[in-house]
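Spelled out from the first residue to the last, the chains are:
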There are 2 protein chains.
Amino acid sequence: MAMTDLTIAKEAAIRPIQEIAQQAGIAEDALELYGKHKAKIDVNKLPNTTKDGKVVLVTAISPTPAGEGKSTVTVGLADALRRSGESVMVALREPSLGPVMGIKGGATGGGFAQVLPMEDINLHFTGDIHAITSANNALAALIDNHLHQGNALRIDPRRITWKRALDMNDRALRHVTIGLGGPAQGVPREDGFDITVASEIMAVLCLATSREDLKERLARMVIGYTYDREPVTVRDLEAQGALALLLKEAFKPNLVQTIEGTPAIVHGGPFANIAHGCNSLMATNTARSLADVVVTEAGFGADLGAEKFMHIKSRKGGFHPDAVVIVATVRALKMHGGVDKKELGAEDADAVRRGIVNLAKHVETIRQFGIEPVVALNRFMGDSAAELAHVMDWAEAEGVAIALTEVWGKGGAGGLELAELVKRQLDKGADFGYLYAEEDAVEEKLRTIVQKVYGGADVQLTDKAKKQLAELKKYGWDALPICMAKTQYSLSDQPKLLGRPEGFTVTIRELIPKLGAGFIVCLTGDIMTMPGLPKSPAALNMDVAEDGQALGLF
Amino acid sequence: MAMTDLTIAKEAAIRPIQEIAQQAGIAEDALELYGKHKAKIDVNKLPNTTKDGKVVLVTAISPTPAGEGKSTVTVGLADALRRSGESVMVALREPSLGPVMGIKGGATGGGFAQVLPMEDINLHFTGDIHAITSANNALAALIDNHLHQGNALRIDPRRITWKRALDMNDRALRHVTIGLGGPAQGVPREDGFDITVASEIMAVLCLATSREDLKERLARMVIGYTYDREPVTVRDLEAQGALALLLKEAFKPNLVQTIEGTPAIVHGGPFANIAHGCNSLMATNTARSLADVVVTEAGFGADLGAEKFMHIKSRKGGFHPDAVVIVATVRALKMHGGVDKKELGAEDADAVRRGIVNLAKHVETIRQFGIEPVVALNRFMGDSAAELAHVMDWAEAEGVAIALTEVWGKGGAGGLELAELVKRQLDKGADFGYLYAEEDAVEEKLRTIVQKVYGGADVQLTDKAKKQLAELKKYGWDALPICMAKTQYSLSDQPKLLGRPEGFTVTIRELIPKLGAGFIVCLTGDIMTMPGLPKSPAALNMDVAEDGQALGLF
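Numbers given for residues are sequential positions, taken from 1 along each chain in its written order. Labels follow written order: the first chain is A, the first ligand is 1, and so on. Under the rules for a predicted model, residues below a pLDDT of 70 receive no local features and side-chain atom pairs below 80 are neither given nor counted, while totals for whole chains, interfaces and linings still include all residues. For the side-chain quantities, the full set of heavy atoms in the structure was used; hydrogens and water were omitted.

Student: Sorry, what's going on with the sheet that holds strand β20 (residues 458-461) of chain A here?
Tutor: Whenever strands of a sheet pair, they do so through backbone hydrogen bonds, lying parallel or antiparallel. Residue and element names in this part refer to chain A. A sheet is described by the order of its strands in space; here four strands give the open sequence β20-β22-β23-β21, paired in mixed fashion. Unpaired on one side and paired on the other, β20 and β21 (482-485) mark the two borders of the sheet. In this sheet, adjacent strand axes meet at a mean angle of 40 degrees when their direction is disregarded. The contact criterion used is simple: two residues touch if any of their non-hydrogen atoms lie within 4.5 Å. For helices, the axis comes from a line fit to the C-alpha atoms of the stretch in contact; other axes are also lines fit to C-alpha atoms, and the angle between any two N-to-C directions lies between 0 and 180 degrees. In this description a helix means any DSSP run of H or I spanning at least four residues, a strand means any run of E spanning at least two, and both kinds are numbered starting from the N terminus. In the packing of helix α18 (residues 442-453) onto the sheet, contacts are made with β20, β21, β22 (505-514) and β23 (519-524), and the angle to β20 comes to roughly 135 degrees. Paired strands are those between which DSSP finds at least two bridges.

Put into structure tokens, the structure is as follows:
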């Protein structure tokens, strides 16, 4: 039987979660078990501590279908730091069922650098995302019920911006009409479903620092506009208490373990292309109060997850990363250099040379934030010595710290050199600064991101976006950070422009204020907030044995 | 502060679930904890036993907005049996979020006869219903993706019978159009959402006796028809493995406790008006293998839940109830006697006399199954001595065993007399027989239910239903039990006909084959498989405190 992530996970010597908690300094009283290997943490029962662990952010080059292994390196780095004597925790996002059922690949790392139990984390986990789906759709039902029961708030059914959500890849739900069938079946109107990880409630859960803050953020969310064009909020509907109640357990961070027994907090799961792409502040803050070093990741390339980690998450959290790791692979660099996925097997050092400009741009981006990044060159079987050497030579020439990692096959032992480089960087410290201020004009914030982070020439707004910007200003909502919704494949807004495109203009087609989350979502290109399933969904290979064991999951 | 179900629940001395398990004979190894007070049971790790506990089914008169307290009596009876020395477990359905957010009232009993922790059981619980929602909608997404990716099976988009589902009261989703927005957004078609508890997957989960049986039932489900009018099943889509995997944990029964520490299995939650209304066979079978007596309930009046318990659940399970309790209240009998809810405070023994015909019919129904029922007259504050006496006198005259219960206020101590009568009935035993055979013609099965159970004159099928019946026969699907979908308020299909209506004809407007569940759903009147929210949803009074305590839930 071939070794897969699932077979490796099943053969791992997983430890009772109470042991992991004890090792992390979490008293048994603060644990709420979910089975034998998962637990929620009641943060009110954690010891008071002034510990303020350092944060290592793991990001990546622009991803390709070849796979970079960012979660794998995040887990492997944490295990390597623990092997080298550090007090360390890892903080990851929780996977959405959409990609799990759609394409092969979860968010729990791989090989000997995984978080366990992978089959549970990838399927329902402790129910957080389902609770968010429930809260999202309870709000939607309350809105439509309000219309149906007389519409005292005079909500304009044509201007309801709150969408329904499912944790599913389901393109047929992107544009729907609801309330059909006559007066007893509600008020007909256009609507649509987002994937739950793009719901504002996911962002709110991930950015709230207390239950009070959570409720206040929920209350602030704008759900649409009245016939007089006045914004309608959750507070107007008096629904924030019910939503907060539905999120009662989901708000508590989840404790699991890496395959080597390092404590891992897996909590919150916004995508980084259509949302802010970072695990919860509760997760990071809890980990920082318990460990000296917290290794965490942000989704997709540094242009997406890392930019939002800096400008949204760590700004709200009042901290910044102390070190940043950029994951790159020879295979992905070759694709950025123009090689087709089917031809990745053939050695092509020249393609590596052509593609390395993508890595160079992300290094440049992180340096602009005042942090000297460390590159993790994540080795895959089939990478040739010449190809690897080319990347190492480039790094030396550019003065970039780089380490070869082999964590998939070797676990923490395959990431010791990376751990050393990261520790050196943590000792040196960062001279952190934001690229834009919240109070900058929206156009200026957008231009800063496009020019400094994406390396583009300029930004343009469609007529619709211009109108929306005028409204944002009218309501006084423009002094918020930007949450870009952009393809992950390219630094630009055009998925096929790989490598390091230049001179491009990014088109903003829509601006959506998310007052609960506290940012303005800017949709670019044809990015979708509800993905679709591929021609052959991964779901069709899945099964379960009579004893309850997952089969064909990965 | 007034005593509410929630305040009583919070003050109760809830015990660690491991202690409850030990008392029930469940080894720690077979427990998967969900927090400190809930657990899933891994039935593969239960001791082999030949124990075959007796089954007490608790049903009720036709419910009214006055509330009968069926779950409360179920729990109180179990606690009373335990107080009187019996080895007993209680088996209940798990609550849907729809009614919890919509109307005040859960499915966990009340007062001093509740299952705990009520706030968790009423909100998400162990995630079973969310897993069913996921499986239901994963199948829907796979169907629409199949259409979008070329439709190799030639599924007719106009004849897809599989609907989407949410665990929500949301009338605006009853009739929708999906797939709008152009070729990249799927194939436009009409669709609709049911509440999750009405999903066939809920019925499948509740009726399956092993994982293999579960998968086989999922595979058999019909999702629609081809352009050539051939049925398309889940097996044709090769999706049964993925659905079974999504139900991996949901299939395991949940262990909780009553307020007096009696072990309770709460698992599966189909409504009894629009679905088959019984908790899972896994729950009942597990309880029967552990205890001498299992007290369980079926939803709404004996015309709905109890009829389906006999003809669907216990037929599939190869057992039958050994005793049946019918819950009645003076308040409800008065409403059946024509009193308005607002005037229930005034003594009106004559209205009790007029309304008692409803109770008489349900007694008659249970006797037809060969079981002598016991009536539980569930006492409410405000019931007058004359009113109560009238019911007791009627029972004596009719030779019906009856006990006054005060379990809301006194717990098991308020149900001791009922327990004695039930034990007497268990000793006597039943002479059980079905009212119809599976192989009877569909029209005959329908007529039997309408005449013998509802006390009506006849049944008629709409033209649409007649066409559907012809199709059922053509495909050879007619030798299945009937699952009636009918208003709970009346013995007839007209909600306002209270008491004991006579001479009425029930109209079947639609027949829906559910081959996975193994029954034919027959829709009557204007019964809806997706409820709506009321004018003032209960959600608007809910909140959560900073320490995570639920507020305003009940």
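Read on for the rest.
Student: How should the UniProt feature "binding site: ATP" (unreviewed entry) in chain A be read in this particular structure?
Tutor: Residues and elements named next belong to chain A. If you check UniProt for "binding site: ATP" (unreviewed entry), the listed places come out as Thr64, Pro65, Ala66, Gly67, Glu68, Gly69, Lys70 and Ser71 in our numbering. Position of alanine 66 relative to the elements: it lies in the loop between β3 (54-60) and α3 (70-83). For the exposure calls, accessible area comes from a 1.4 Å probe over protein chains only, and a residue counts as buried if that area is under 20% of its type's maximum, exposed if over 50%, partly exposed in between. Since its relative accessible area comes to 9%, alanine 66 is described here as buried. For glycine 67, the position within the fold is in the loop between β3 and α3. Filtering out sequence-adjacent residues up to four positions away, glycine 67 remains in contact with Thr329 and Phe380. UniProt positions are given in the numbering used here, feature names are shortened, and annotations may be inferred rather than shown by experiment.

Student: Help me understand the interface of chain B and chain A, please; the structure alone is not making it clear to me.
Tutor: By convention, interface size is frequently given as the accessible area that disappears when the constituent parts associate. The partner chain A presents 77 residues to the 77 residues of chain B that form the contact. Carbon and sulfur atoms supply 59% of the area buried between chain B and chain A, which totals about 6,300 Å² over both sides. Here's the idea: put two parts together, see how much 1.4 Å probe accessible area each one loses, and the total over both is what we call buried area. Broken down residue by residue, the surface that chain B buries against chain A is led by B:Arg171, B:Leu245 and B:Glu546, which jointly contribute 10%. For this document, the term salt bridge refers to a Lys or Arg side-chain nitrogen within 4 Å of an Asp or Glu carboxyl oxygen. With its nearest N and O atoms 3.0 Å apart, the salt bridge here joins B:Asp170 to A:Arg164. Whenever two N or O atoms come within 3.5 Å, that pair is a polar contact, provided that in protein one can donate a hydrogen and the other can accept it, and provided that, for residues adjacent in sequence, both atoms are side-chain atoms. For the interface between chain B and chain A, the tally reads 41 residue pairs in polar contact (both at pLDDT 80 or more).

Student: Teacher, can you tell me more about the sheet that holds strand β12 (residues 222-226) of chain B here?
Tutor: All names here are of chain B. What the three strands build is an open sheet, ordered β7-β12-β13; its pairing is antiparallel. Strands with a single pairing partner mark the edges of an open sheet, and in this sheet they are β7 (155-160) and β13 (231-233). Averaged over neighbouring strand pairs, the angle between their axes works out to 50 degrees when direction is ignored. With two bridges joining them, β7 and β12 adopt antiparallel strand pairing. Residue pairing in the sheet places isoleucine 155 in a bridge with threonine 226 of β12.

Student: How do you make sense of the packing of helix α7 (residues 200-207) of chain B against helix α8 (residues 211-220) of chain B when you look at a structure like this?
Tutor: Working note: a packed helix pair is described by the angle between its axes plus the distance between those axes. All names here are of chain B. Between α7 and α8, the least distance of the axes is 9 Å, while the angle of their chain directions is 150 degrees. As far as their axial angle goes, α8 and α7 are roughly antiparallel. For the pair α7 and α8, the sense of crossing is right-handed. Residue-level contacts link Ile201, Val204, Leu205 and Leu207 of α7 to Asp213, Leu214, Arg217 and Leu218 of α8. For this scheme, ten residues count as nonpolar: Ala, Val, Leu, Ile, Met, Phe, Trp, Tyr, Cys and Pro. Four count as charged, namely Asp, Glu, Lys and Arg, and the remainder, Gly too, count as polar. The class makeup of the residues in the contact of α7 with α8 is six nonpolar, no polar and two charged. Roughly parallel covers angles under 35 degrees, roughly antiparallel covers those over 145, roughly perpendicular covers 65 to 115, and oblique covers all other angles. Less than a right angle of anticlockwise turn of the near helix away from the far helix marks a crossing as left-handed, whereas a clockwise turn marks it as right-handed.

Student: Help me out: how do you make sense of the pattern of salt bridges in this one?
Tutor: Opposite charge on two side chains permits pairing when their charged atoms draw close. Under the counting rule described, the total for this entry stands at 80 salt bridges over all chains. In this structure, A:Asp543 and B:Lys215 form a salt bridge, with 2.8 Å as the shortest nitrogen-oxygen distance. Of this pair, A:Asp543 sits in strand β24 (residues 543-544) while B:Lys215 is found in helix α8, placing the two residues in two different chains.

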